[in-house]
Amino acid sequence: MASSSLRRLLLLLLVVFVSTSHSADLPIYHSTHHPSSKSALDSVLLLARSDPLRLAFLSSKLTSVPIASGQQILQSPSYVLRAAFGSPPQPFLLSLDTSSDAAWLPCSPCNLCPSSSPLFLPSSSSSYTPLQCTSPLCSNFKTTISCSSSANLTPTPCTYTQSFADSTFTATLSQDSLRLSPDVIGNYTFGCVNSVSGPSSNVPKQGLLGLGRGPMSLLSQTGDLYKGVFSYCLPSYKSYYFSGSLRLGPVGQPRSIRFTPLLKNPHRSSLYYVNVTGISVGKVHVAVPAGSFAFDPATGAGTVVDSGTVISRFTAPIYSALRDEFRRQVNASSGYSSLGAFDTCFSTDEVATAPRITIHMDRLDLVLPVENTLIHSSATPLACLAMAEAPANVNAVVNVLASLQQQNLRVVLDVANSRVGFARELCN
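Residues numbered from 1 in each chain as written. Predicted model: local features only at pLDDT ≥ 70, side-chain atom pairs only at ≥ 80, totals over all residues. Heavy atoms only, no water.

**Details of the overall build of the protein chain**
Each helix and strand counted, the protein chain has eight helices and 27 strands in total. The buried share among the 428 residues of the protein chain stands at 46%. The contacts in the protein chain between residues at least 6 apart in sequence include a share of 68% that link residues at least 24 apart. Of the accessible surface of the protein chain, which amounts to about 21,500 Å², a share of 58% is contributed by carbon and sulfur atoms. (Helix = DSSP H or I, 4+ residues; strand = E, 2+ residues; numbered from the N terminus. Buried < 20%, exposed > 50% of the residue type's maximum accessible area, 1.4 Å probe, protein only. Contact = heavy atoms within 4.5 Å. Areas by Shrake-Rupley, 256 points an atom, 1.4 Å probe, with all protein chains shown as cover.)

Encoded structure:
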């Protein structure tokens, strides 16, 4: 009896196993499958037309270079990124500058370079090459020293001078390998700085990487490598960490982002001009004289997005109207004081909140977080509007959207499509 029951149980299990453990062949069709009289060769050639796009996708990768506040790392006002030049690579912390084109480094020997600067050693790099006056790249620099005197009769290195802030430096135009994260860019053209004149406190201590729109910039020198696209996220200037990033190429850029068109100024071709149409404080659209934001290539007037300027500057009519409306809404009972470049400082014991500031542009409104518009004192209960009037010099007609107002925003420069976008991103 027991053996009969056991046989029935085994028979039942066998039936279940057979019914649930079968194999299945599923037909696979090509997405373009259809009856055709074409030969196999013709069909394959037709299908292979899509291979280049697929290979481009497979070869695309995310190149991300860490960014930190130069104030905390090098006591420098600009943001810095990790890079290396030479073979073997010599590491540097280069200033990130979207309004400059040519990269440059302090090189050994260097007269009056900042004493704390590491110097690039050309003699230690097997891939270093100084460029001669006969190089067509030499003509990109207006003030060349050796070339005008030699008249190109003998091979002479291309030596040029360039102003930066309140200083001037002399450099030899050179080429070597540039390393940015995993990428190695061979024969990258840069200035090997030999001497500095004037105050060197504002000169980037370890050099500069130009991310402008001109012929010597990173995008121009890398051709199709980054498809004319890069972005950056700047951490707080108080951050000690390399938590920001320079993202090179279209891969990994924000999907949900709004863009405004870039404007071209042939007289200042490196700069990223945008068409600002107005400014709001809170819900109030600030009234400014007609044409205050107008773009004028002849005079340089307009608005520039810049990573190297610390605080945003506006021309006198715009800033006065912005400041007065901001003060009206803050309504500090003890009034306002000045501190350095800031003329609208108030007690945070009296004022708990401050209004948001919105920059209106073509096709987008950039709402600045409050932490991007106020700067707080660590010693006293004091906060200041972190903006100022444009200086009364050659740049008095230019409005600048500066790095302090760009903190914790992903700023996407799509030069290939002539546009710039902004997306909120915490990178502290």
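**Examining the state of the cysteines**
Going through the model one piece at a time under the given rule, you end up with six disulfides. Disulfide partner of Cys110: Cys113, at an S-S distance of 1.8 Å. Here the disulfide of Cys110 and Cys113 is right-handed, its torsion about the S-S bond being about 55°. The exposure class assigned to Cys110 is buried, which follows from its relative accessible area of 17%. Residue Cys113 is classed as buried on the basis of its relative accessible area of 14%. The partner cysteine of Cys138 in its disulfide is Cys158, sulfur to sulfur 2.0 Å. Classification of the bridge connecting Cys138 and Cys158 rests on its S-S torsion, roughly 85°, and on that basis the disulfide is right-handed. (Disulfide = S-S within 2.5 Å.)

**Things to note about the confidence of the model for the protein chain**
Scored by pLDDT, the protein chain has a mean of 86; 84% of the residues are at 70 or more. Note that pLDDT drops below 50 for residues 53–59; the model gives that stretch zero contacts with residues more than four away or on any other chain. (pLDDT = per-residue confidence, 0-100.)

**Comments concerning the nonpolar core**
Leu81, Leu180, Leu209, Tyr232, Leu246, Ile357 and Ile359 are the most contacted members of the largest nonpolar core, which totals 66 residues. In terms of residues, this core owes the most to one element, helix 7 (residues 316–330), which gives six residues. Residues contacting Ile359, with those up to four places away along its chain left out, are Val276, Gly278, Ile279, Phe314, Leu364, Asp365, Leu366, Leu368 and Leu401. Ranked by size, the runner-up nonpolar core spans 20 residues in total, among them Ala102, Leu131, Cys147 and Val203. (Core = buried A, V, L, I, M, F, W, Y, C linked by side-chain atoms within 4.5 Å.)

**As for the pattern of salt bridges**
In the structure shown here, the tally under the stated rule is eight salt bridges. A salt bridge links Lys227 to Asp224; the shortest N-O distance between them is 2.9 Å. A residue is classified by how much of its surface remains accessible, and Asp224, at 54% relative accessible area, is exposed. Here Arg328 makes a salt bridge to Glu325, at a shortest N to O gap of 2.7 Å. Placement of the pair is Arg328 and Glu325 together in helix 7, with a separation of three residues, close to one helical turn. Three or more residues joined by partner-sharing salt bridges are found here, namely Arg247, Arg410 and Glu425. (Salt bridge = Lys/Arg side-chain N within 4 Å of Asp/Glu carboxyl O.)

**Considering the pairing of strand 16 (residues 302–305)**
Burial along strand 16 is two-sided: the residues Gly302 and Val304 and Thr303 and Val305 are all buried. By the bridge criterion, three bridges tie strand 13 (residues 272–274) to strand 16 in an arrangement that is antiparallel. When the bridges of strand 16 are listed, Val274 appears paired with Thr303. Here strand 16 runs beside strand 25 (residues 398–401); their pairing, made up of four bridges, is parallel. Bridged to Val304 within strand 25 is Val400. (Pairing = 2+ DSSP bridges.)

**Looking at the environment of Gln72**
On the secondary structure map, Gln72 appears in helix 4 (residues 70–74). It is 6.6 Å that separates the C-alpha atoms of Gln72 and Lys238, two residues lying 166 residues apart in sequence. Ignoring sequence-local partners within four residues, the contact set of Gln72 consists of Tyr237, Lys238, Ser239 and Tyr240.

**Side note on helix 7**
Along its 15 residues, helix 7 runs 21 Å from first to last C-alpha, staying within 8% of the 21 Å computed at 1.5 Å per residue. Among the residues of helix 7, those classed as buried are Ile318, Tyr319, Ala321, Leu322, Arg323, Glu325, Phe326 and Val330. Where helix 7 terminates, the next one or two residues include Asn331, which has phi positive at roughly 55°. (Expected span 1.5 Å × (residues − 1).)

**What to know about the environment of Val80**
Residue position: Val80 is located in strand 2 (residues 79–85). Residues Val80 and Ile67 lie 13 residues apart in sequence; the distance between their C-alpha atoms is 5.6 Å. Non-local contacts of Val80, meaning those with residues more than four positions away in its chain, are made with Pro66, Ile67, Ala68, Gly70, Leu74, Leu93, Leu94, Ser95 and Phe242.

**A few points about the side chain of Asp176**
Tracing the backbone shows Asp176 in strand 7 (residues 167–180). In this structure, Asp176 is buried with no salt-bridge partner, the nearest side chain bearing the opposite charge being Arg179 at 8.4 Å. In terms of polar contacts, Asp176 uses its side chain to reach the side chain of Ser125, at 2.6 Å. Beyond its immediate chain neighbours, meaning those up to four positions away, Asp176 contacts Gly86, Ser87, Phe120, Ser125, Ser127, Tyr128, Ile185, Gly186, Asn187, Tyr188 and Phe190. (Lys, Arg positive; Asp, Glu negative; His and termini not counted. Polar contact = N/O pair within 3.5 Å; in protein donor to acceptor, adjacent residues only side chain to side chain.)

**Observations regarding the side chain of Asp343**
Position of Asp343 among the secondary structure elements: in strand 19 (residues 342–347). At 2.6 Å, the side chain of Asp343 and the side chain of Tyr319 are in polar contact. Among the polar contacts listed, one links the side chain of Asp343 to the side chain of Arg323, at a separation of 3.1 Å.

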